[in-house]
Amino acid sequence: MRVVEQIGSRAIDRVARALYAIGFVVEILRQTGRFVTNRRATAKVLTMQILFTGVDALNVIATISLGIGAVIVIQGLSILPQFGQGQLIYNILIVVITRELGPILTALIVAARSGTAIASDLGNMVVSHEIEAYTATGINPIRHLVVPRFIGVTVSTFVLNLYFNIFGLAGSFLVTQFVNPISFAEYSSGLLGTIALVDIVSSCVKSVVFGAIISFVATFHGLAIERSSTEIPVAVIKSVGHSVTLLILANAVLTLVYYL
Amino acid sequence: MKLRYRFANQAVGVFILLAIAAAVALLVLMGSNQRWFRRNYEYYALIDDARDVSVGMAVTFRGFTIGRVTSISLTAANNVDVRFTIQEEYIEQVRQRSIIQIVSSPLGGGQIVLHQGRAPTPPLPEASRIPTYDSKEALQWRTANEVIVLRAADPIAQIVAQVEPILLNLDIVMANVVELTDEINLALLGQSAGPVAGILTGLESTVAEVERAVARVSVVIDSAAAQADLVLEDLNSITSNLEATTAQLRDPTGLVPRLLDPSGSIATLLDDDNVLFDQITGTVAALDLTIAGLSQTLDELSRFTAYLNTAQPQIATLLEEGRAALNTGQDVLLGLRNNPLLRGGIPPVREQPSTFQGIRDGEF
Amino acid sequence: MESTMNERPAQNETACALDGVSVSYEGEAVLADVTLWFPVRRCTVIMGFSGSGKSTLLKTGAGLVVPDRGSVSILGTDLARSNDREVERLRSRTGFVFQDGALWQNMTLRANIELPLRYHRPDLDREQIDGIVAQKVEELGARKRLELRPAQVSAGERKVVSFIRALIVDPELVFLDEPTTSVDGERSDLMFRALRTLKERGRTIIAVTHDPRLASQIADNLVVVAHGRVIASGPMREVVRSTDRDVVRVLTDVLSETATYAGDILDLLDPSIATNDRRPDGDQSEGGPEPVDDADDLLLS
């Protein structure tokens, strides 16, 4: 009987937490609506968030995407022409860079860099009563702290994904010049002829969803801290773990939707 | 304050704007590359079988893709309605009297080839029907030379498309020739009930059949080797010769019936002031002409076979059989001419060198 | 409750009201069934031992702690029945000074002070904001250069900045949690002056303090808290003269923590003595719109 009771209480606990998280997300979205119509003093927070999450991550994203674009071209050009399917390199580039790796790698980098920062930042604020200070001043902490982080991370992930594509596709072209020189016109027309609008839309949708997931999870765990600063590292670890899990699941679901 | 913080707004602005500019540029380039902003004109064609067409198949003109198949449906009259679009910039090419031809490649994939009307006219109105290559009106326009027919980009597909019906006809021709040969052999052995005139009438129709088949072959040759006129002339002369011969033979007072009639008198041959002899020589001369013509046709066919051989071995194989059959027909006619009753001896058979190479001999 | 039960005042005479409020942390009761009214335009000081629940009482009254039971209303608005916007608007009319300052660490001191103003008063331009900030900074003797971050200045300075931040929007109701702790004498004098000015302008002040000077100089009413319960409340003089043993013990103990006063320790809380001692122009307080001594009509439960 104890076991049943335990399972029951655990399940109830889980459901309650899930409902709470959903409520949190709904609140964020509601406050986002208000933020958009009335920005006031919060615009600066948003700018800084995009600076930290987006601009500062650009070098990492650029390096990774250049490298991946290069590897795809080197591997592809060494294997595909053996089957007389050299043209497929464009499809592979688009599937790998635009549709799959671009959004998910960008999201993982953002989760690792900014998700952790947001969780520990908000956790510290809770511990040092800064959140209470916002509330006391009549500044809604969700709107002033969470919404700019949500928008900032989402926008940054979206834009970083665009940069990932730019650098990834450009990187593959640069490497092509060493392996099998073709003109830029040929490369771009091959690429542009192959890429479909749905590829771009899928990539963009993914990066937006991923950005939202990262910011929801990080702010949720950051604000879930109650009093002690020792809770902060735990919250950071949880935020990364949950982010990565949810990102992979969401990627699978979105890819599935793409092929349905 | 760090420089980075002081220019945070600018940095973020540049960061976002550059990305969006790149995305917009990509979309515009994609759009122009994939023609999002161009209008397409729709036309349709009615065909018998949807086997060789598929949605998304390219419509080509002089090797350029100018449109795509958008839908295929079965009409109430059991025709296959193929809808396809022509891109705006090529719409001027869709002149009156244009026809389409569905070309499927044995390697998979196919295309619809647009053959343009010869006379420059304003484009066909949208949603009008474009006749297919084999349709009656298309045949009419083609024979009237109102259509510019070019070889398609894929020579194999092109040839397959054109040769298929020819092969079908050749099959019939061969059957006829074999039958004819048997009949003639039997007649010469005196075992046939029917007169030679009937056999020759059969031969005439056979040759007409050949002529028609070769008329189709000629279209291929036109695009491949431009020798159709020669062949057609040859066949026309053969036909006229045969007609003349047959007319003579049909004459009840003609030579052959009497000649071959057991009750016929050999004396007549000697007593009629060379009239009969002249008739015979005339007939033989006509046969000579016919044989010469047939021989030339065989040469043409041989050359065509050689051409095809490089393109498609299977077709060559079939044509080779056809050639062999015609060869036999020639032998028969020679035999008739050299009937020991008329002349003496059969000349050595003209040997056609086999141009067929086995599939395994060549490089594929 | 235990002290003089007066009739509940009209709603517009109550700045803050707690009605049967209970709060517990992790199952431990911190406040137990507290019912309390804070009248407008008065300064009420809450006293009690450390851990008696006075900070929680203050935060609950300010709406920062949501009670497990009971209701809280601020400036006539029941918080539980208001939507976000109403609560937010309400909070722009209140200020709260935290015990530890609770300054926003990632902002400069100036940004800390400016933010409530920028948030609640979008009509003000840059120069007007600068003017208001400069004036308050002058008034309270804070450092002139406000470009440092909270971690770079002393605890006392942080407290002063926190005080300025709470007052910058000119609130009708101010909550103070130990405002003078770790603030030097000169600056706390400036704080008292600022508080007196607030009172004279008809603002309501609710303060938790151990500082007898703060209590004696500005308090009209006194609330004594012990073990999560209000054991005495009412006009200053009455409570100070209470004979209830618990109340006396609390007052004596609390005050002895901070004072080494030879005479009757409760004299420390005598407003007449304190005011006359500390303020040469003390008569000003008597001439205010609401005389402090006229405390009989103060309605406290």
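Reading guide: rules and limits
- Residues numbered from 1 in each chain as written.
- Chains lettered and ligands numbered in written order.
- Predicted model: local features only at pLDDT ≥ 70, side-chain atom pairs only at ≥ 80, totals over all residues.
- Heavy atoms only, no water.
- Helix = DSSP H or I, 4+ residues; strand = E, 2+ residues; numbered from the N terminus.
- Expected span 1.5 Å × (residues − 1).
- Buried < 20%, exposed > 50% of the residue type's maximum accessible area, 1.4 Å probe, protein only.
- Contact = heavy atoms within 4.5 Å.
- Polar contact = N/O pair within 3.5 Å; in protein donor to acceptor, adjacent residues only side chain to side chain.
- Pairing = 2+ DSSP bridges.
- Axes fitted to C-alpha atoms, helices over the stretch in contact; angles between N-to-C directions.
- Buried area = accessible area lost by both parts, 1.4 Å probe.
- Salt bridge = Lys/Arg side-chain N within 4 Å of Asp/Glu carboxyl O.
- Nonpolar A, V, L, I, M, F, W, Y, C, P; charged D, E, K, R; others polar.
- Parallel < 35°, antiparallel > 145°, perpendicular 65-115°, else oblique.
- Left-handed = near helix turned anticlockwise from the far one by under 90°.
- Phe/Tyr/Trp six-rings, centres within 6.5 Å; stacked < 30°, edge-to-face > 60°.
- Patch = residues over 30% accessible without salt bridge, like charges linked within 9 Å, V, L, I, M, F, W, Y side chains within 5 Å.
- Areas by Shrake-Rupley, 256 points an atom, 1.4 Å probe, with all protein chains shown as cover.
- Lys, Arg positive; Asp, Glu negative; His and termini not counted.
- Charge placed at Lys NZ, Arg CZ, Asp CG, Glu CD.
- pLDDT = per-residue confidence, 0-100.

Novice: How would you sum up helix H9 (residues 231–259) of chain A? Please name residues and give values.
Specialist: Residues and elements named next belong to chain A. If you check H9, its first and last C-alpha atoms are 42 Å apart, about what 29 residues at 1.5 Å a residue would give, namely 42 Å. All buried positions along H9 are accounted for by Ile232, Ala235, Val236, Ser239, Ser243, Leu247, Ala250, Asn251, Leu254 and Thr255. On the buried face of H9, the contacting elements are helix H4 (88–127) and helix H8 (197–224).

Novice: Can you lay out the side chain of Gln116 of chain B for me, pointing to particular residues and giving the numbers?
Specialist: All names here are of chain B. Mapped onto the elements of the fold, Gln116 is located in strand E6 (residues 110–117). Judged by its relative accessible area of 4%, Gln116 falls in the buried class. At 2.8 Å, the side chain of Gln116 and the side chain of Gln93 are in polar contact. Other than its neighbours up to four places away in sequence, Gln116 contacts Phe61, Arg62, Gln93, Arg95, Ser98, Glu146, Val147 and Ile148.

Novice: Before we move on, could you go through the pairing of strand E1 (residues 40–47) of chain B and cite the residues and values that matter?
Specialist: Every other side chain in a regular strand lies on the same face of the sheet, so the side chains alternate between the two faces. Residues and elements named next belong to chain B. The alternating pattern of E1 places Tyr41, Tyr43, Ala45 and Ile47 on a buried face and Asn40, Glu42, Tyr44 and Leu46 on a face that is not buried. Bridge count between E1 and strand E4 (residues 80–87): 8 bridges; the pairing is antiparallel. Its bridge partner lying in E4, Leu46 is registered against Asp81.

Novice: Report on the sheet that holds strand E4 (residues 69–74) of chain C, specifying residues and quantitative values.
Specialist: All names here are of chain C. Pairing within the open sheet is antiparallel, and its 4 strands lie in the order E2-E1-E4-E5. Since the sheet does not close on itself, it has two edges, and those belong to strand E2 (28–39) and strand E5 (77–78), each with one partner. The pairing of E4 with E5 spans 2 bridges and is antiparallel. Each residue of the ladder has a partner; that of Ser73, found in E5, is Asp78. The strands touched by helix H1 (residues 54–62) are strand E1 (14–25), E2 and E4; relative to E1, the strand with the most contacts, the crossing angle is about 125 degrees.

Novice: Can you break down the sheet that holds strand E9 (residues 221–226) of chain C residue by residue, with the values?
Specialist: Residues and elements named next belong to chain C. Strand order across the open sheet formed by 6 strands is E6-E7-E8-E3-E9-E10, with mixed pairing between neighbours. Among the strands making up the open sheet, the edge pair consists of strand E6 (94–97) and strand E10 (229–235). Along the sheet, successive strands turn relative to each other by an average axial angle of 15 degrees, direction set aside. Taken together, the 6 bridges between E9 and E10 define a ladder with antiparallel strand orientation. Counted as the bridge partner of Ala226 is Arg229 from E10.

Novice: Residues and numbers for the interface of chain A and chain B, please.
Specialist: How big an interface is tends to be reported as the loss of accessible area on association of its parts. On the chain B side, the residues contacting the 24 residues of chain A number 21 residues. With both chains or domains summed, chain A and chain B bury close to 1,800 Å², and 78% of this area falls on carbon and sulfur atoms. The largest share of the area that chain A buries against chain B comes from Leu51, Tyr163 and Leu192 of chain A, three residues that together contribute 28% of it. Counting across the interface, chain A meets chain B through 0 salt bridges. Here chain A is connected to chain B by 3 residue pairs in polar contact (both at pLDDT 80 or more). Of all the elements in the fold, those that place two or more residues in the side of chain A that touches chain B are helix H2 (43–53), helix H6 (141–179), helix H7 (184–194) and H8 of chain A. Looking at the side of chain A that touches chain B, its residues break down into 17 nonpolar, 5 polar and 2 charged.

Novice: Break down the pairing of E4 of chain B for me, with residues and values.
Specialist: Residues and elements named next belong to chain B. Burial analysis of E4 places 7 of its 8 residues in the buried class, the great majority of the element. Direction of pairing for strand E3 (residues 64–74) relative to E4: antiparallel, over a ladder of 7 bridges. Bridge assignment links Val69 to a residue of E4, and that residue is Phe84. Connecting E3 to the antiparallel partner E4 that follows it, the hairpin turn spans 5 residues, and Asn78 within it adopts a positive phi of roughly 60 degrees.

Novice: Can you tell me about the interface of chain A and chain C, naming the residues and giving the values?
Specialist: At the interface, 24 residues of chain A touch 25 residues of chain C. A combined buried area of about 2,200 Å² lies between chain A and chain C, and 52% of that area is made up of carbon and sulfur atoms. On inspection of chain A and its partner chain C, the count reaches 3 salt bridges. For the salt bridge of Arg143 of chain A with Glu88 of chain C, the shortest nitrogen-to-oxygen distance reads 3.1 Å. Counting across the interface, chain A meets chain C through 7 residue pairs in polar contact (both at pLDDT 80 or more). Going through the elements one at a time, helix H1 (2–37), helix H5 (130–136) and H6 of chain A are the ones with two or more residues in the side of chain A that touches chain C. When residues in the side of chain A that touches chain C are grouped by element, the largest group, 6 residues, is from H5 of chain A. Tallied by class, the residues present in the side of chain A that touches chain C amount to 6 nonpolar, 9 polar and 9 charged.

Novice: Residue-level account of the packing of H4 of chain A against H8 of chain A, with values.
Specialist: All names here are of chain A. As a packed pair, H4 and H8 sit with axes 8 Å apart at the nearest point and diverge in direction by 15 degrees. In terms of orientation, H4 and H8 fall into the roughly parallel class. Classified by chirality, the crossing of H8 by H4 is right-handed. Residue composition of the contact of H4 with H8, by class: 14 nonpolar, 8 polar and 4 charged.

Novice: For the packing of aromatic side chains, give the residues involved together with the corresponding values.
Specialist: All names here are of chain A. Taken as a whole and assessed by the stated rule, the structure comprises 12 aromatic pairs over all chains. On the numbers, 5.8 Å between centres and 55 degrees between planes, the contact of Tyr20 with Phe220 is tilted. Placement of Tyr20 in helix H1 and of Phe220 in helix H8 is noted, with a sequence separation of 200 residues between them. Summarising the aromatic geometry, the rings of Phe173 and Phe184 are spaced 5.0 Å apart at their centres and angled 80 degrees between planes, so their arrangement reads as edge-to-face. A residue pair is termed long-range when its members are at least 10 positions apart, and Phe173 in helix H6 and Phe184 in helix H7 qualify at 11 residues.

Novice: Mind laying out the pattern of salt bridges, listing which residues take part and the relevant values?
Specialist: Once the charged atoms of two side chains with opposite charge are near each other, the side chains can pair. The tally for this structure, following the rule as stated, stands at 24 salt bridges over all chains. Asp84 of chain C is paired through a salt bridge with Arg30 of chain A; the nearest N and O atoms lie 2.5 Å apart. In this pair, Asp84 of chain C sits in helix H2 (residues 84–91) while Arg30 of chain A sits in helix H1, so the two residues belong to two different chains. For the salt bridge of Asp211 of chain C with Arg213 of chain C, the shortest nitrogen-to-oxygen distance reads 3.7 Å. What makes Asp211 of chain C buried here is its relative accessible area of 11%. Each of the salt bridges in this network shares a partner with another, and the network as a whole consists of Glu114, Arg118, Arg126 and Asp130 of chain C.

Novice: Could you give an account of unusual backbone geometry, with specific residues and numbers?
Specialist: Look at Asn145 of chain B: it is not a glycine, yet its phi comes out positive at around 60 degrees. By secondary structure assignment, the location of Asn145 of chain B is in the loop between helix H3 (136–143) and strand E7 (147–148). One non-glycine residue, Glu178 of chain C, lies in positive phi territory at about 50 degrees. Position of Glu178 of chain C among the secondary structure elements: in the loop between strand E7 (173–177) and helix H6 (185–200).

Novice: Which residues make up a positive patch on the surface, and what values do they have?
Specialist: All names here are of chain A. On the surface, a cluster of positive charge is contributed by Arg10, Arg14, Arg17 and Lys238. Ranked by residue count, the leading element in the positive patch is H1, at 3 residues. Assignment of secondary structure puts Arg10 in helix H1.

Novice: Residue-level account of the packing of H2 of chain A against H6 of chain A, with values.
Specialist: Residues and elements named next belong to chain A. Where H2 contacts H6, the axes come no closer than 8 Å and their chain directions differ by 40 degrees. Here H2 is positioned oblique relative to H6, judged by the angle of their axes. You can see that H2 and H6 cross each other, and the crossing is right-handed. Contact residues: H2 offers Val45, Leu46, Gln49, Ile50 and Thr53, while H6 offers His144, Pro148, Arg149, Ile151, Gly152, Val153, Val155, Ser156 and Leu160. Tallied by class, the residues present in the contact of H2 with H6 amount to 8 nonpolar, 5 polar and 1 charged.

Novice: Report on the environment of Leu117 of chain C, specifying residues and quantitative values.
Specialist: Residue placement: Leu117 of chain C occurs in helix H3 (residues 109–120). When the C-alpha atoms of Leu117 of chain C and Ile132 of chain C are compared, they prove to be 9.3 Å apart, with 15 residues separating the residues in sequence.

Novice: Outline the confidence of the model for chain B, supporting the account with residue identities and numerical values.
Specialist: Residues and elements named next belong to chain B. Mean pLDDT over chain B works out to 67, with 39% of the residues at or above the 70 mark. No element of chain B has a lower mean pLDDT than helix H7 (residues 255–260), at 46, and none a higher one than E4, at 90. Within the model, pLDDT remains below 50 along residues 224–228, and this stretch shows 8 contacts once partners closer than five positions in the same chain are excluded.

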